[in-house]
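If you want the building blocks of each chain, they are given just below.
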Amino acid sequence: QVQLVESGGGLVQAGGSLRLSCAASGRTFSGYTMGWFRQAPGKEREFVAAIRAGGSTSFADSVKGRFTISRDNAKNTVYLQMNSLKPEDTAVYYCAADRNPLAVAVHHYHYWGQGTQVTVSS
């Protein structure tokens, strides 16, 4: 069982930055693929970024070059650094975990956090 708790959301102006954190419980954090997803009002939850156990990363085209994902296995924490934020980045951001190294889609992930709101004003 893995429990995930996100933090770091808030209100920021367009062009600004935020760093989201996701703290995970469990002793096997290092073996999990960790993903970030987001869901805007009236829209489906969508993939943002993922980092695998070996450190390789994937990003949605909409955030490439602006967002980075990293993990600190000693702290059981994954981060999402969001730069050059746009109003269209406004959403609830969710952290997710799964042992599948190919996990990208929502249905691939077993464990989810409760989400943190990110609002980008124009």
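Everything discussed here concerns the structure shown above.
An account of the accompanying structure is given in this report. (Residues numbered from 1 in each chain as written. Predicted model: local features only at pLDDT ≥ 70, side-chain atom pairs only at ≥ 80, totals over all residues. Heavy atoms only, no water.)

Using the criterion set out here, one finds one disulfide in the structure. Each sulfur in the disulfide pair cysteine 22 and cysteine 95 lies 2.1 Å from the other. Torsion about the S-S bond of the cysteine 22 and cysteine 95 cystine: about -80°, corresponding to left-handed handedness. Of this pair, cysteine 22 sits in strand S3 (residues 18-24) while cysteine 95 sits in strand S9 (residues 91-98), placing them 73 residues apart in sequence. (Disulfide = S-S within 2.5 Å. Helix = DSSP H or I, 4+ residues; strand = E, 2+ residues; numbered from the N terminus.)

Below, the discussion takes up unusual backbone geometry. Despite not being glycine, asparagine 76 shows a phi value in the positive range, around 50°. Secondary-structure assignment places asparagine 76 in the loop between strand S7 (67-72) and strand S8 (77-82). We note that serine 84 has phi near 50°; this positive angle belongs to a residue other than glycine. Following the sequence through the fold, serine 84 ends up in the loop between S8 and S9. Note on serine 84: relative accessible area 41%, which makes it partly exposed. (Buried < 20%, exposed > 50% of the residue type's maximum accessible area, 1.4 Å probe, protein only.)

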